[in-house]
Amino acid sequence: MSKQTHSFQAEVAQLLHLVTHSLYSNPEIFLRELISNASDACDKLRFEALNDAGLYEDAPNLEVRVSFDKEAKTLTITDNGIGMSTQEAIDHLGTIAKSGTKDFMGKLSGDQKADAQLIGQFGVGFYSGFIVADKITVESRRAGMKPEEGVRWISGGTGDFEVESITRAARGTSVILHLRDDAEEFLNAWKLKQVIGKYSDHISLPILMEKEEWKESEKEGEPGAMVKTGEWETVNKASALWTRPKKDITDEQYQEFYKAISHDYENPLTWSHNRVEGNTEYTQLLYIPAKAPFDLYQRDKHAGIKLYVKRVFIMDDAESLMPSYLRFVKGVIDSADLPLNVSRELLQESRDVRLIRDGSVKRVLSMLEDLAKHDKHEAGAQADGVTDVVSEEDKAKEGKYTQFYAEFGAVLKEGLGEDFGNRERIAKLLRFASTTSDTPSVSFADYKARMKEGQEAIYYITADTLAAAKNSPQLEVFKKKGIEVLLMTDRVDEWALNYLQDFDGTPLQSVAKGAVDLGKLQDEAEKKAAEEAAEAFKPVLAKLKEALKDKAEDVRATTRLVDSPACLVVQDGGMSTQLARLLKQAGQKAPDAKPVLEVNPEHALVKKLDGSVHFHDLAHILFDQALLAEGGLPEDPAAYVKRVNALLA
Ligand code: ADP
């Protein structure tokens, strides 16, 4: 094939522009990204060769070579991995296959500093080469294809790239970076070794560089120079990080490994590295990121846990190894017992995989429990006058759970519905805002510890926003009696809470569902007064029911209101009006159950009802206002306005 010119997918062109304009502050990461790609390519070859040993041709030792040419100002990263066919080069290097790319691009602000952070989460991979190069040449041949079927890909990193056929004897890929003038520091063996040591020590493949030695100049008085010897040496540790003993691994190495596997630019919040022996033997190295990725809610995207079998990379399949509610976890699991040719189907059925998954979930929950335990340390002298000593290690954990929860709390809640076996542990990890705290910092246990004497339930309310929850009329009586109510404003809350009937023996009760029953919290006199008021109110109720029979399932008197005349509640076990509204907005089906209107017989407006000539209008205004108060809209807003205006006039 002779030279062809192709355009980059629009998103790639946009990304390239950003890469060159935003990421220059940390240029050396390009080497990590390209070596990581080279290593992935070798992993892929090893995996495909399980079924076709011929793919190794006559070079079974997988490796990466890094070399440079001072005169030509090029830096080359070569691997003998799987390689690319012409079509693969066009597809893989000209488009971005990641789902959600468009959405991601839409989020970029044009503010380079902010965008650089976002790009970090997105992972720029191959394109990071353009941080240091103004032209990249890729030469490749796919394993198993003929030498004449090689491909050369060239681009200056702007709108388009060229491809042509070449003959290439060696299987695999060379990425040749034509360095910019300001990136010439990478034409130096010391510098390269230092960067490789920092970012790629954990790569299990050997990374080779040509040895250099000092040579005096032949001419008297002129300085000597380093010259290449033709001999290659391994410049990284070349042992997979997780296979090394914990004590030999520094925090920095753990962090760099995380960044390499996750493409995250930030350090993780915490990690856990263990060798598990028992029914099945495996090593797990699991990380909790500090920031949610841009595609956390893309349900189809499920990568993050890399599965190895006896150090051979098998697949990036978080689904079989981690449930969806822990999809933010990154890491590596290396099994000693699974067969090397394990397929996706087999993964789903394997008993070993189930044990590994259970063990990994438990490990993640323990990590979170540990962070939660050390989140806040109230320093100070204890009763006996002894001041606590907090270890440095524990101190470093302070505030981390709050940070974790802000990023991933809503996802963790999905676990209530997804993981019945661990429901109680998950419930303990949840935090909510409440009528005593605007920030999500109240656990069910905190709540229970503050419950009033005689209080028999954990009360909560769900709403679209914190303000709507806080000002909801349904809270009035709770505020008056000083009873704390948890305020839930995540979309997932109502769905998730469905799966949690009680916490530690105390039932959970939505204050917007069913009749309010404060049980022992109400004293006898109050109860009696309420009953009497309700009795006297009966004729009005009957008339209200009749007037609103198309809108309300029922109309009843309530003691839950103090300042408001009326509110809407749903029948016990029914879907809240808020959730029904959300579903309808999302174009989904929601039951059309009519709500119950509860009215406050003590309210001036309600007292006016009896005998009023405007009874019908007042009844409808009461109902529509109750709807407005919880963020809904009257069915016929114009009619509502008309009624109110008529009264005002
Ligand atoms: P990612 O690695 O996150 O998929 P990249 O932009 O780094 O994204 O690379 C895009 C694709 O190009 C890779 O998924 C892979 O298919 C291909 N690729 C990149 N480098 C190599 C390589 N050295 N050998 C084979 N394929 C490669």
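The rules we used
- Residues numbered from 1 in each chain as written.
- Predicted model: local features only at pLDDT ≥ 70, side-chain atom pairs only at ≥ 80, totals over all residues.
- Heavy atoms only, no water.
- UniProt positions renumbered as here; feature names shortened; annotations may be inferred.
- Helix = DSSP H or I, 4+ residues; strand = E, 2+ residues; numbered from the N terminus.
- Rg over C-alpha atoms; globule rule 2.2 N^0.38 Å.
- Buried < 20%, exposed > 50% of the residue type's maximum accessible area, 1.4 Å probe, protein only.
- Contact = heavy atoms within 4.5 Å.
- Areas by Shrake-Rupley, 256 points an atom, 1.4 Å probe, with all protein chains shown as cover.
- Lys, Arg positive; Asp, Glu negative; His and termini not counted.
- Charge placed at Lys NZ, Arg CZ, Asp CG, Glu CD.
- Core = buried A, V, L, I, M, F, W, Y, C linked by side-chain atoms within 4.5 Å.
- Domains from an automatic or database assignment.
- Pairing = 2+ DSSP bridges.
- Salt bridge = Lys/Arg side-chain N within 4 Å of Asp/Glu carboxyl O.
- Phe/Tyr/Trp six-rings, centres within 6.5 Å; stacked < 30°, edge-to-face > 60°.
- Axes fitted to C-alpha atoms, helices over the stretch in contact; angles between N-to-C directions.
- Near = heavy atom within 4 Å.
- Polar contact = N/O pair within 3.5 Å; in protein donor to acceptor, adjacent residues only side chain to side chain.
- Nonpolar A, V, L, I, M, F, W, Y, C, P; charged D, E, K, R; others polar.

The chain has the name Chaperone protein HtpG in an unreviewed UniProt entry, where Paenacidovorax caeni is given as its organism. For the chain, the Subcellular location (unreviewed entry) comment in UniProt is given as "Cytoplasm". The Sequence similarities (unreviewed entry) field of the UniProt record for the chain holds the comment "Belongs to the heat shock protein 90 family."

(A) Inspection of the overall build of the chain at higher detail. Each helix and strand in the chain was counted, giving 22 helices and 23 strands. Taken against the 2.2 N^0.38 rule, which gives 26 Å for 649 residues, the C-alpha radius of gyration of the chain at 32 Å runs more than 25% over that of a compact globule. Each principal axis of the C-alpha distribution contributes one length, and for the chain these read about 115 × 65 × 55 Å. Evaluated residue by residue, the chain yields a buried proportion of 50% over its 649 residues. Of the contacts made within the chain by residues no fewer than 6 positions apart, 71% connect residues no fewer than 24 positions apart. Of the roughly 31,400 Å² of accessible surface on the chain, a fraction of 49% belongs to carbon and sulfur atoms. Averaging the positions of the 83 positive and the 107 negative side-chain charges in the chain gives two centres separated by 3 Å.

(B) How the structure looks around the nonpolar core. Counting residues in hydrophobic clusters, the biggest one holds 73 residues, and the most contacted among them are Phe404, Leu412 and Phe444. The greatest single-element share of this core, amounting to nine residues, is contributed by helix H10 (residues 351–373). Summarising the domain contributions, this core has at least three residues from each of domain 2 (242–367) and domain 3 (431–648). Phe404 has contacts with Leu269, Ile288, Phe328, Leu368, Gly409 and Leu412, leaving out every residue within four places of it along the chain.

(C) Structural context of the pairing of strand E23 (residues 596–599). Neither face of E23 is left uncovered, since the one carrying Val596 and Glu598 and the one carrying Leu597 and Val599 both have all their residues buried. Where strand E21 (residues 554–557) and E23 come together, four bridges link them in parallel fashion. Of the residues in E23, the one forming a bridge with Asp554 is Val596. In this sheet, E23 lies alongside strand E22 (residues 566–569) in antiparallel orientation, the contact comprising four bridges. Bridge pairing in E23 places Ala566 opposite Val599.

(D) The environment of Thr86, seen in detail. Along the chain, Thr86 falls in helix H3 (residues 86–94). Once the C-alpha coordinates of Thr86 and Ile29 are considered, the two residues, 57 residues apart in sequence, prove to be 27 Å apart. With residues up to four places along the chain from it excluded, the contact list for Thr86 reads Met1, Gly150 and Val151.

(E) Region of interest: the pattern of salt bridges. Summed over all chains, the structure comprises 39 salt bridges. Salt bridges sharing partners connect three or more residues here, namely Glu28, Glu185, Lys191 and Lys198.

(F) Structural context of the sheet that holds strand E20 (residues 506–510). What the six strands build is an open sheet, ordered E16-E15-E18-E17-E20-E19; its pairing is mixed. Each edge of the open sheet is held by one strand with a lone partner, namely strand E16 (437–442) and strand E19 (502–503). The pairing of strand E17 (residues 458–462) with strand E18 (residues 486–488) spans three bridges and is parallel. In the strand pairing of E18, Thr462 is matched with Met488.

(G) A look at the packing of aromatic side chains. Within the structure shown, the criterion is met by 22 aromatic pairs. Ring geometry for Tyr258 against Tyr287: centres 5.1 Å apart, planes inclined by 45°, an arrangement best described as tilted. Placement of Tyr258 in helix H7 (residues 251–262) and of Tyr287 in strand E11 (residues 282–288) is noted, with a sequence separation of 29 residues between them. Comparing Tyr258 with Tyr287 shows no difference in burial state: the two are buried. Taken together, the ring pairs connect Trp242, Tyr254, Phe257, Tyr258, Trp271, Tyr287 and Tyr308 into an aromatic cluster.

(H) The sheet that holds E23, seen in detail. Read from one edge of the open sheet, three strands run E21-E23-E22, paired in mixed fashion. Of all the strands in the sheet, just E21 and E22 have a single pairing partner and so form its edges. Averaged over all pairs of adjacent strands, the angle between strand axes in this sheet comes to 25°, irrespective of strand direction. Each of E21 and E23 touches helix H18 (residues 524–547); the most contacted strand, E21, lies at about 160° to it. Set on the sheet, helix H21 (residues 615–629) makes contact with E22 and E23; between it and E22 the angle comes to about 65°.

(I) Structural detail: the domain arrangement of the chain. Taken domain by domain, the chain consists of domain 1 (4–237), domain 2 (242–367) and domain 3 (431–648). Spacing between the C-alpha centres of domain 1 and domain 2 amounts to 26 Å.

(J) Region of the structure containing the site of the ligand. Inspection of the region around the ligand gives Asn37, Ala41, Lys44, Asp79, Met84, His92, Leu93, Lys98, Gly125, Phe126 and Thr173 as its neighbouring residues. In the model, an oxygen atom of the ligand is placed 2.8 Å from a nitrogen or oxygen of the Asn37 side chain. Between a nitrogen atom of the ligand and a side-chain N or O atom of Thr173, the distance comes to 3.3 Å. Notes on the ligand: free accessible area 530 Å², of which the protein chains cover 79%. Mapped onto the shell around the ligand, the elements with two or more residues apiece are helix H2 (29–49) and H3. In terms of residues, the shell around the ligand owes the most to one element, H2, which gives three residues. Split into classes, the residues belonging to the shell around the ligand amount to four nonpolar, four polar and three charged.

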